[in-house]
Amino acid sequence: MDRLKEKFKIKSAALRLELKNIIKENGHIKMSDVLLKQTLGGMRGVKSMLYETSALDPEEGIRFRGYSIPELREKLPKVPGDKEPLPEGLFWLMLVDELPSQEDVLWLSKEWRKRAVLPVSTLKMLDTMPPDTHPMVQMSIAIMSMHEDSIFAKRYAEGMSKSEYWDATYEDAMNLIARIPHVAAYIYRKAYHHNDQLAPDPELDWAGNFAHMLGIKDPEFKSLMRLYLTIHADHEGGNASAHTAHLVGSTLADPYLAFAAGMNSLAGPLHGLANQEVIKWIFEMIDELQTRTPTREQIAAFVQKTLDEGRVIPGYGHAVLRKPDPRFSIQRVFAEEYIPEADLVQIVWKIFEVVPPILANLGKVKNPWPNVDAHSGAILVHYGLKEYTYYTVLFGVSRALGILAALCWARALGAPLERPKSITSTWLKEYLKTV
Ligand code: CMX
């Protein structure tokens, strides 16, 4: 058994036992009341699932196993000479709740390289898709197509015991994470570079190799990908993509099916697709104003026009956060350190000054601050990744780390089939007569 799996086995078995006792002794304890406005309002704040890998505080933002994003940037192992964390380290931390050593992440990079072979049938299938198929659709279908290789599905069909679910899920998770940058790079090179595919570099780490396979040569882009793929990985369990994958996973659908479902959820404009919407909206603004150095007044007028058209301002607002998203702030730090003069970056910073007071003045927006998607596009364009319909795929590659680490935990802890209660409006009206 490999070193990470061994650790996971010990830790998850201990927590499973602990939780069994917690439920036995405290199962009757009430944790919260659900208000009518929560049931009708997208279940905001309803505590309804166990999710180990990260936790979100409305004021402070995300913490992965207790570590904030700036702490991760400082403490996770790095490629010698680079300032950015290795996503391998974050996966290790999420899975076994321990910061890994440099040797641990080197082992994990190597392990993922070994497992990164794509089925030829998946590549052939991608080749037959209409070239203008949205990259997220291509990614979702490609992941689904690899389900043929699922160790979980195979062993389940052979009659696997419940006690083995975690083991088969771990194997699928590791294979899928290893493969996903290769699938994503293939889609990118096929869609935007005449299918001129680049061979992986066996010397590189998971994110560095992804940057290499995309074909962007600037070494800073490798650093960017290490940071990007770390900070987008997880945002506790209730966000739409993680929750979708958790729900589908709770049916014992194999990890390929569960992760693809999560990707379909990420592809919605109120969630992950917002990263493409932000840069598209900025380009619309530049086109309309005919300048790449708009004034604050010009930006304010364009924001107002967008709102008057009944649209949302992409990259702003959040269902949980009530402060600027630390994932936005760390991208800002990156841009300040590496590319402070980039014109799109300057626009993003001006938008940050202009939008919050306008949204706050509407009186209904609970969080007027930028989220993770407000900054990424401006940095990607600077390094030459201009094809914004691809941006959500980058988010998805990163999300594999969180979703699949969480699925390992769900299977190890014996998470049951998820099945909340729905109500009809007739039931609701009748109920209101009784209270
Ligand atoms: N621009 C304009 N209006 C906004 C807004 C924004 N950025 N954010 C919220 N609102 C509006 C809502 O549409 C809602 O209006 P109605 O009452 O007319 O329906 C009202 O303010 C209240 O919404 P809320 O409670 O503040 O926000 P929700 O929890 O319902 O929604 C989110 C959260 C993210 C969907 C919303 O803020 C939004 O649409 N933002 C823009 C899209 C975006 O950036 N999404 C990415 C989020 C991060 C991620 O998951 O990747």
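Residues numbered from 1 in each chain as written. Predicted model: local features only at pLDDT ≥ 70, side-chain atom pairs only at ≥ 80, totals over all residues. Heavy atoms only, no water.

1. Here we look at the domain arrangement of the chain
Then, in step 1: In terms of domain boundaries, the chain breaks down into domain 1 (1–21 + 41–270 + 390–435) and domain 2 (274–382).
Then, in step 2: Summarising the inter-unit geometry, the C-alpha centres of domain 1 and domain 2 are found 27 Å apart.
Then, in step 3: On the side of domain 2, 27 residues touch domain 1, which itself brings 32 residues to the contact.
Then, in step 4: Roughly 2,500 Å² is buried in total at the junction of domain 1 and domain 2, and carbon and sulfur atoms are behind 64% of that figure.
Then, in step 5: One can count three salt bridges joining domain 1 with domain 2.
Then, in step 6: In this structure, Lys323 and Glu59 form a salt bridge, with 2.8 Å as the shortest nitrogen-oxygen distance.
Then, in step 7: Our count for the contact surface shared by domain 1 and domain 2 stands at 10 residue pairs in polar contact (both at pLDDT 80 or more).
Then, in step 8: At the level of elements, strand 1 (54–57), strand 2 (61–64), helix 3 (69–75), helix 11 (219–231) and helix 19 (391–412) are the ones that each hand at least two residues to the side of domain 1 that touches domain 2.
Then, in step 9: For the side of domain 1 that touches domain 2, the element with the highest residue contribution is helix 11, accounting for eight residues.
Then, in step 10: In terms of residue class, the side of domain 1 that touches domain 2 is built from 15 nonpolar, seven polar and 10 charged. (Domains from an automatic or database assignment. Contact = heavy atoms within 4.5 Å. Buried area = accessible area lost by both parts, 1.4 Å probe. Salt bridge = Lys/Arg side-chain N within 4 Å of Asp/Glu carboxyl O. Polar contact = N/O pair within 3.5 Å; in protein donor to acceptor, adjacent residues only side chain to side chain. Helix = DSSP H or I, 4+ residues; strand = E, 2+ residues; numbered from the N terminus. Nonpolar A, V, L, I, M, F, W, Y, C, P; charged D, E, K, R; others polar.)

2. Section: the sheet that holds strand 1
Then, in step 1: Strand order in the open sheet formed by three strands is 1-2-3, and the pairing between neighbours is antiparallel. Looking at strand neighbours, the two that pair on one side only are strand 1 and strand 3 (67–68), the edges of this open sheet.
Then, in step 2: Pairing between strand 2 and strand 3: two bridges, direction antiparallel. By the bridge assignment, Arg63 is partnered in strand 3 with Ser68. (Pairing = 2+ DSSP bridges.)

3. A few points about the pairing of strand 2
Then, in step 1: With four bridges connecting them, strand 1 and strand 2 associate as antiparallel partners. Residue Asp57 lies in a different strand from strand 2, and its bridge partner there is Gly61.
Then, in step 2: Linking strand 2 back to strand 3 in an antiparallel pair, the connection comprises two residues, with Arg65 at a positive phi of about 50°.

4. What to know about the packing of helix 4 (residues 87–96) against helix 5 (residues 102–114)
Then, in step 1: At a minimum axis separation of 9 Å, helix 4 and helix 5 run at an interaxial angle of 100°. Looking at the two axes, helix 4 sits roughly perpendicular to helix 5. On helix 5, the residues touching Glu88, Gly89, Phe91 and Trp92 of helix 4 are Asp104, Val105, Trp107, Leu108, Ser109 and Trp112. (Axes fitted to C-alpha atoms, helices over the stretch in contact; angles between N-to-C directions. Parallel < 35°, antiparallel > 145°, perpendicular 65-115°, else oblique.)

5. Examining the environment of Ser163
Then, in step 1: By the element assignment, Ser163 lies in the loop between helix 8 (151–157) and helix 9 (165–192).
Then, in step 2: Through-space distance from the C-alpha of Ser163 to that of Glu84 is 38 Å; in sequence the pair is 79 residues apart.
Then, in step 3: Among the polar contacts listed, one links the side chain of Ser163 to the side chain of Ser161, at a separation of 2.8 Å.

6. With respect to the packing of helix 7 (residues 135–145) against helix 9
Then, in step 1: It is at 10 Å that the axes of helix 7 and helix 9 come closest, and there the two elements cross at 140°. Comparing the axis directions of helix 7 and helix 9 gives the class oblique. Considering the relative orientation of helix 7 and helix 9, their crossing is right-handed. Residue-level inspection shows Pro135, Gln138, Met139, Ala142 and Ile143 of helix 7 in contact with helix 9, the latter providing Leu176, Ile180, Val183, Ile187, Lys190 and Tyr192.
Then, in step 2: For the contact of helix 7 with helix 9, the residue count by class is nine nonpolar, one polar and one charged. (Left-handed = near helix turned anticlockwise from the far one by under 90°.)

7. Considerations on the pairing of strand 1
Then, in step 1: Side chains of strand 1 alternate between two faces, with Ser54 and Leu56 buried and Ala55 and Asp57 left unburied.
Then, in step 2: As consecutive antiparallel partners, strand 1 and strand 2 are separated by three residues. (Buried < 20%, exposed > 50% of the residue type's maximum accessible area, 1.4 Å probe, protein only.)

8. Topic: the environment of Glu84
Then, in step 1: Mapped onto the secondary structure, Glu84 falls in the loop between helix 3 and helix 4.
Then, in step 2: If near-sequence neighbours (up to four positions away) are discounted, Glu84 is found in contact with Arg73, Lys78, Ser223, Arg226, Leu227, Phe334 and Tyr338.
Then, in step 3: Here the side chain of Glu84 touches Arg73 through a polar contact of 2.7 Å, side chain to side chain.

9. Some points on the site of the ligand
Then, in step 1: The environment of the ligand is formed by 20 residues, the closest being His271, Gly315, Tyr316, Lys366 and Asp373.
Then, in step 2: In this structure, an oxygen atom belonging to the ligand sits 2.7 Å away from a side-chain N or O atom of His271.
Then, in step 3: Separating an oxygen atom of the ligand from a side-chain N or O atom of Asp373 is a distance of 2.7 Å.
Then, in step 4: Here the ligand, which alone exposes 890 Å², has 75% of that area covered by the protein.
Then, in step 5: Partitioning the shell around the ligand into residue classes produces 11 nonpolar, five polar and four charged. (Near = heavy atom within 4 Å. Areas by Shrake-Rupley, 256 points an atom, 1.4 Å probe, with all protein chains shown as cover.)

10. Here we look at a nonpolar patch on the surface
Then, in step 1: A surface patch of nonpolar side chains, amounting to about 690 Å² of accessible area, comprises Leu36, Leu40, Ile423, Trp427, Tyr431, Leu432 and Val435.
Then, in step 2: Checked against the element boundaries, Leu36 lands in helix 2 (residues 36–39).
Then, in step 3: In this structure Leu36 comes out as partly exposed when scored by relative accessible area, which is 40%. (Patch = residues over 30% accessible without salt bridge, like charges linked within 9 Å, V, L, I, M, F, W, Y side chains within 5 Å.)

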